[in-house]
Amino acid sequence: MAQNPSQPIAFKVLTVNVHKGFTTFNRRFILHELRDAVRAVGPDLVFLQEVLGTHHRHASRFANFPQVPHYEFLADTIWYQHAYGRNAVYDNGDHGNALLSKFPITHYENHDISVSGPERRGMLHCVLQPPGHHLPVHAVCVHLGLQESHRQQQLKRVAALVRSFPANEAVVLAGDFNDWRQRAHGVLQRDAGMQEVFVQAFGRAVRTFPASMPLLALDRIYVRNAAVHTPLSLPKKPWDKLSDHAPLAAEILL
């Protein structure tokens, strides 16, 4: 995948809220099927939300529950680089955001963007160095709050983080925005120069929730300094049975 600095570099991204490895309403543990589906897409970068670090009770209840953190299980031998940002901690374990990468991760930091109350939210910032590319790429995985007032404050934090990056470096921002009112686009474009891949291509964000019959456009992929960003079509099956959110994928050209 090495490129000369003067040449463009293309990579594929996938974002999905994995619902802690369970189907809608926690009816079935399906992390193994989810791993197969992610592999079938073949992304270079995988943005994960609601991924488990540990869960002692589930580990004792399910015979096929991995003995390693779920982001490591999903990465396996395909994505040798991964980073985890723990957002929520409880008696039985923890969950948060994660990034799986085929590119070296040279630095990562998890930012707590929780506002108040029990709802814990975060944004995981990873600095990637694609082999042969002369500039780093910033990958930011987010999971925003359910309350509109919280999301507005969190979007300001996200925009401020993106503005802190060097102006000529590429940024991919993806995750579960819970933005059913479609207000994130204006904030991120105005305050951080970000464009949403599906909005640019189709004029609107893609509905992703609930996965079985999507009504709300909650999940997004935003980019900055990308020469081309092309949405990818994913089949409804098996994804409609693997989480309560449908995934999004895109091809990014720098």
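Residues numbered from 1 in each chain as written. Predicted model: local features only at pLDDT ≥ 70, side-chain atom pairs only at ≥ 80, totals over all residues. Heavy atoms only, no water.

## Observations concerning the sheet that holds strand 7 (residues 137–143)
Pairing is mixed across the open sheet formed by 6 strands, whose spatial order is 5-6-7-8-10-9. Edge strands, defined here as strands with exactly one partner in the open sheet, are strand 5 (105–112) and strand 9 (195–196). As judged from the 7 bridges shared by strand 5 and strand 6 (residues 122–128), these two strands associate in the antiparallel manner. Across the sheet, the residue bridging to Ile105 is Leu128, located in strand 6. In this fold helix 5 (residues 184–192) packs onto strand 8 (170–176), strand 9 and strand 10 (219–224), with an angle of close to 15° to the strand it touches most, strand 10. (Pairing = 2+ DSSP bridges. Helix = DSSP H or I, 4+ residues; strand = E, 2+ residues; numbered from the N terminus. Contact = heavy atoms within 4.5 Å. Axes fitted to C-alpha atoms, helices over the stretch in contact; angles between N-to-C directions.)

## What to know about helix 4 (residues 148–163)
Side chains that are three or four residues apart share a direction in an α-helix, a result of its 3.6 residues per turn. Between its first and last C-alpha, helix 4 extends 22 Å over 16 residues, near the 22 Å set by a 1.5 Å rise per residue. Listed as buried for helix 4 are Glu148, His150, Arg151, Gln154, Leu155, Val158, Ala159, Leu161 and Val162. Buried residues in helix 4, looked at end-on, bunch into an arc of 165°, giving them a common side. In the core, the buried residues of helix 4 are packed alongside strand 5, strand 6, strand 7, strand 8, helix 5 and strand 10. (Expected span 1.5 Å × (residues − 1). Buried < 20%, exposed > 50% of the residue type's maximum accessible area, 1.4 Å probe, protein only. Arc of directions from axis to C-beta.)

## Brief notes about unusual backbone geometry
Geometrically, the link from Phe209 to Pro210 is a cis peptide bond, its omega value of -10° lying close to zero. Mapped onto the elements of the fold, Pro210 is located in the loop between helix 6 (197–202) and strand 10. In this structure, Pro238 follows Lys237 across a cis peptide bond, with omega equal to 10°. Along the chain, Pro238 turns up in the loop between strand 11 (228–232) and strand 12 (248–253).

## Notes on the confidence of the model for the protein
When pLDDT is averaged along the protein, the result is 92; 96% of the residues meet or exceed 70. The model gives residues 1–6 a pLDDT under 50, and that stretch makes 13 contacts with residues more than four places away or in other chains. (pLDDT = per-residue confidence, 0-100.)

## Considering the side chain of Arg224
For Arg224, the position within the fold is in strand 10. One buried charged side chain, Arg224, makes no salt bridge at all; its nearest oppositely charged neighbour is Glu169, positioned 6.3 Å away. Among the polar contacts made by the side chain of Arg224, one reaches the main-chain carbonyl oxygen of Val162 at a distance of 3.3 Å. In contact with Arg224, other than residues within four places in its own chain, are Val162, Phe165, Pro166, Ala167, Glu169, Ala170, Val171, Ala192, Gly193 and Met194. (Lys, Arg positive; Asp, Glu negative; His and termini not counted. Salt bridge = Lys/Arg side-chain N within 4 Å of Asp/Glu carboxyl O. Polar contact = N/O pair within 3.5 Å; in protein donor to acceptor, adjacent residues only side chain to side chain.)

## Regarding the packing of aromatic side chains
This structure, assessed with the given rule, holds 6 aromatic pairs. Ring geometry for Phe11 versus Phe103: centroids 5.8 Å apart, planes at 90°, classification edge-to-face. Linking Phe11 in strand 1 (residues 10–17) with Phe103 in the loop between strand 4 (93–101) and strand 5, this pair joins segments that are 92 residues apart in sequence. Across the pair, exposure class does not vary: Phe11 and Phe103 are buried alike. Measuring from ring centre to ring centre gives 6.2 Å for Phe198 and Phe202, while their planes differ by 45°; the resulting arrangement is tilted. Of this pair, Phe198 and Phe202 are both found in helix 6, 4 residues apart, which corresponds to roughly one turn of the helix. Members of the aromatic cluster, each reached through a chain of ring pairs, are Phe22, Phe29 and Phe65. Over the aromatic face of Phe73 sits the side chain of Arg35, whose NZ or CZ is 4.0 Å from the ring centroid. (Phe/Tyr/Trp six-rings, centres within 6.5 Å; stacked < 30°, edge-to-face > 60°. Lys NZ or Arg CZ within 6 Å of the ring centre and 35° of its normal.)

## Observations regarding helix 1 (residues 31–41)
The set of residues buried in helix 1 consists of Leu31, Leu34, Arg35, Ala37, Val38 and Val41. Buried residues of helix 1, seen end-on, are gathered within an arc of 165° and therefore sit on one face of the element. Where helix 1 is buried, its residues touch strand 1, strand 2 (45–55) and helix 3 (70–75). Looking one or two places after helix 1, you find Gly42, whose phi comes out positive at around 70°.

## Some details on the pairing of strand 2
The element strand 2 is extensively covered by neighbouring structure, given that 10 of its 11 residues are classed as buried. Looking at chain direction, strand 1 and strand 2 are connected through 5 bridges and run parallel. Bridge assignment links Val16 to a residue of strand 2, and that residue is Leu48. Of the strand pairs in this sheet, strand 2 and strand 4 are connected by 8 bridges, and their pairing is antiparallel. In the sheet register, Thr54 faces strand 4, and the bridge partner there is Asp94.

## Comments concerning the pairing of strand 11
With burial as the criterion, only one face of strand 11 is covered, namely that bearing His229 and Pro231; the residues Val228, Thr230 and Leu232 on the opposite face remain uncovered. Direction of pairing for strand 11 relative to strand 12: antiparallel, over a ladder of 5 bridges. In the strand pairing of strand 12, Val228 is matched with Leu253.

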